[in-house]
Amino acid sequence: MNNKEKILDCSLDLFFKHWFEEVSMNMIIEKSWVSKWWIYHYFISKEDILEKSLQRYISDVIQKKDEILNNKDIEINVKFYEVLNLILNTYAKNIEMLTKINSDKKYLKIRETIDKLYTKDKECNMNNLIEEYSIYLENTQKDNPHIKYIREKFHLLIFFIDNFWTFIWQHNLSHKEAELYISLLKEIITDVISQFNI
């Protein structure tokens, strides 16, 4: 890991724990064991570090998601729920930071960076996975008397996940509201898995 990566990783860890205003450059220097010269060699400000660290973090999550999607040794039902858990865990870890970014206009540039990354991701493999899993449900659960209920739950789940950012950004959800949103998604997943063993 080079100095730039160390700064980004350590900074993001601090931002998650203490939030932006509470993190000083000295805290970043102390945690990363990198000199102030190196920090200003790579970044122009603390805001720049926050933006770049979030961008790197989200890009890493997208890469992990794509690795799951492209793994031919994983069955479609397992693949689907692994991707959902990855997405939900990412939301859960970031939710306080995301709601703070959304509530303060001075973080508009950072919000736009996250938006661009997510928009790009939505155009990737997720739609193919949803289509594949829909076919899987129809084929494996066609004799299940509850297939209509399963299908409705499935589409409800996709709607909530697909519109997660929209709900946060446009409806300005509070931290507590966003946590409830994630809890609802997890409840739907658990319901489908536990009741219908899929």
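Data block above holds the structure.
Everything quoted here is computed from the prediction, not taken from an experiment. (Residues numbered from 1 in each chain as written. Predicted model: local features only at pLDDT ≥ 70, side-chain atom pairs only at ≥ 80, totals over all residues. Heavy atoms only, no water.)

A.B. asks: Mind showing me how you'd approach helix α1 (residues 3–18) here?
C.D. replies: An α-helical turn contains 3.6 residues, so a residue and the one three or four places further along point in the same direction. Taking 1.5 Å per residue as the helical rise, α1 with its 16 residues ought to reach 22 Å, and the 22 Å between its terminal C-alpha atoms agrees with that figure. All of the buried residues along α1 are I7, L8, C10, S11, L12, L14 and F15. Its side-chain oxygen 3.2 Å from the backbone nitrogen of K4, N2 forms the N-cap of α1. Following α1 by one or two positions, W19 adopts a phi angle in the positive range, close to 70°. (Helix = DSSP H or I, 4+ residues; strand = E, 2+ residues; numbered from the N terminus. Expected span 1.5 Å × (residues − 1). Buried < 20%, exposed > 50% of the residue type's maximum accessible area, 1.4 Å probe, protein only. Polar contact = N/O pair within 3.5 Å; in protein donor to acceptor, adjacent residues only side chain to side chain.)

A.B. asks: Whenever I open this one, the packing of aromatic side chains confuses me. Can you help?
C.D. replies: Under the definition given, this model contains three aromatic pairs. Ring geometry for W38 against Y42: centres 5.7 Å apart, planes inclined by 20°, an arrangement best described as stacked. On the criterion of helical spacing, the pair formed by W38 and Y42 is a turn pair, its members being four residues apart in helix α3 (residues 36–42). Judged by relative accessible area, W38 falls into the partly exposed class, the value being 30%. Taking the relative accessible area as the measure of exposure, Y42 reaches 28% and is therefore partly exposed. Both rings, one in Y42 and one in F43, keep their centres 6.2 Å apart while their planes meet at 55°; by these two values the pair is tilted. Among the aromatic residues, those joined into a ring-pair cluster are W37, W38, Y42 and F43. (Phe/Tyr/Trp six-rings, centres within 6.5 Å; stacked < 30°, edge-to-face > 60°.)

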